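# An overview of the molecular structure
These are the residues of each chain, in order.
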Amino acid sequence: MPLYFSLVLQNALVKNFDFVSVEVVDSPNLTEGPFYLASAGIGGDPLIIEYGNDDYLIPLVDRSKVYDLIPTIRQIPSYKDKDFFACGAGAGPFDWIQQCCEGIYNIKVNQNGSVDNENHVVRTTSNGIQVLKVPNNETRAALLGNIFLTEGNAGKVLKVVSRNRTGDENFISSMRKGLTEYYSEDQIVGLGGVFVMKSGSAFVHVMDDFSETPINTDEDLNNWLTFHQVQAPLIALGDFVSQETDFKLRLQHFHSYSRHNQGGHYHHDTTPSIVEYEGYFNIVNRIIIVDKNSAIASTFSIATIILSTSIAMFLELVRK
Ligand code: ZN
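This section reports on the structure supplied with the text. Nothing here was measured: the structure is a model prediction, and the numbers come from that model.

Looking now at empty space enclosed by the protein. The full count for this structure, using the stated rule, is two cavities of 30 Å³ or more. The space that makes up the largest cavity amounts to roughly 40 Å³. Looking at the largest cavity, the residues that line it are Ile49, Tyr51, Tyr67, Leu69, Thr72 and Ile147. Those elements that provide at least two residues to the lining of the largest cavity are strand S2 (47–52) and helix H2 (69–74). Residue composition of the lining of the largest cavity, by class: five nonpolar, one polar and no charged. In this structure, the second largest cavity spans a volume of roughly 30 Å³. For the lining of the second largest cavity, the per-class residue count stands at seven nonpolar, one polar and no charged.

Have a look at this one:
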């Protein structure tokens, strides 16, 4: 007897959090605080775009690897000319600030070409980190990243609340590992969306400016990355998948920012006893791989993994 999808997440989260609630709700207006998305909803033709690859960044950067989100997304046949909302995590548009940075993508593009761009970057400074909102016409991403793409419609979403962490897994890895355990290797499941860490603090990294010497080892990488404790409320955007697949997908990738000049690539919270998360997610129907030009994907620039189970899962969700 299969479990309801939301129960799979619930069972996974209770292993790591004292209080857990997973329910299917009509999406609140996510343009409002504390979420501040560029789109009210995260529904309609949901998919993940995984673009670029680690080897465009290390051992040394390949500065040609820049992906303007608008023409990239317009190459997807079902997104040729409709409204879209794209959010997620990746390297930021380094050409804009002439510095390597973390990108936090949060952008609505309408059929008529108008853009509501809430993209941000986080970069290192001489005395810490800085969050910058990018200009409305700066729509580039770079090097590698993960975008959760939808039509931005209102509708049913998964609302996930977790408080008081009691286990070792973070908010996202709890859910991800639960999916990996429950679903088979052929039943790849992917989710994307937004969560807010409402209280406590989190451990994040922010890439320093590009290294001039090759990053060859994990030690080199950890010496180059900068690590920070950042305070709630933090807005985090990204996606996670249940299987790496032959495409060596990134299993989870969320970038965070805030209105108090803090943010970065989310690792985990550092205040388990007081942490509180509230997230809204949707299940994707496919994963589109763009220019992941290494390993098995070397012979083409765009590939698609169709997730045949996602529609059935979504129906199961809304019937509940
Ligand atoms: Zn990242």
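Right, let's talk about the nonpolar core for a bit. Judged by nonpolar contacts, the single largest core of 62 residues is most densely connected at Phe171, Leu191 and Phe281. Counting residues per element, this core draws most heavily on strand S14 (residues 234–241), which supplies six residues.

Now for the coordination of the zinc ion. Where a metal carries four tetrahedral donors, each ideal angle is 109.5 degrees; where it carries six octahedral donors, the ideal angles are 90 or 180 degrees. Only His253 (NE2), His255 (NE2) and His265 (ND1) from the protein reach the zinc ion as donors, at distances of 2.0 to 2.1 Å. Donor residues for the zinc ion sit on one chain with the sequence pattern H-x1-H-x9-H. Note that His253 is positioned in strand S15 (residues 252–257) and His265 in strand S16 (residues 264–269), a separation of twelve residues in sequence. Residue His253 shares its accessibility class with His265, and that shared class is buried.

Calculation criteria
Residues numbered from 1 in each chain as written. Predicted model: local features only at pLDDT ≥ 70, side-chain atom pairs only at ≥ 80, totals over all residues. Heavy atoms only, no water. 1 Å grid on protein atoms, 1.4 Å probe; cavity = no way out; pocket = protein on both sides within 12 Å on 5 of 7 lines; lining within 4 Å. Points joined across faces, edges and corners; volume = space filled by probe spheres on them. Helix = DSSP H or I, 4+ residues; strand = E, 2+ residues; numbered from the N terminus. Nonpolar A, V, L, I, M, F, W, Y, C, P; charged D, E, K, R; others polar. Core = buried A, V, L, I, M, F, W, Y, C linked by side-chain atoms within 4.5 Å. Buried < 20%, exposed > 50% of the residue type's maximum accessible area, 1.4 Å probe, protein only. Donors = N, O, S within 2.8 Å, 3.2 Å for Na, K, Ca; no water.

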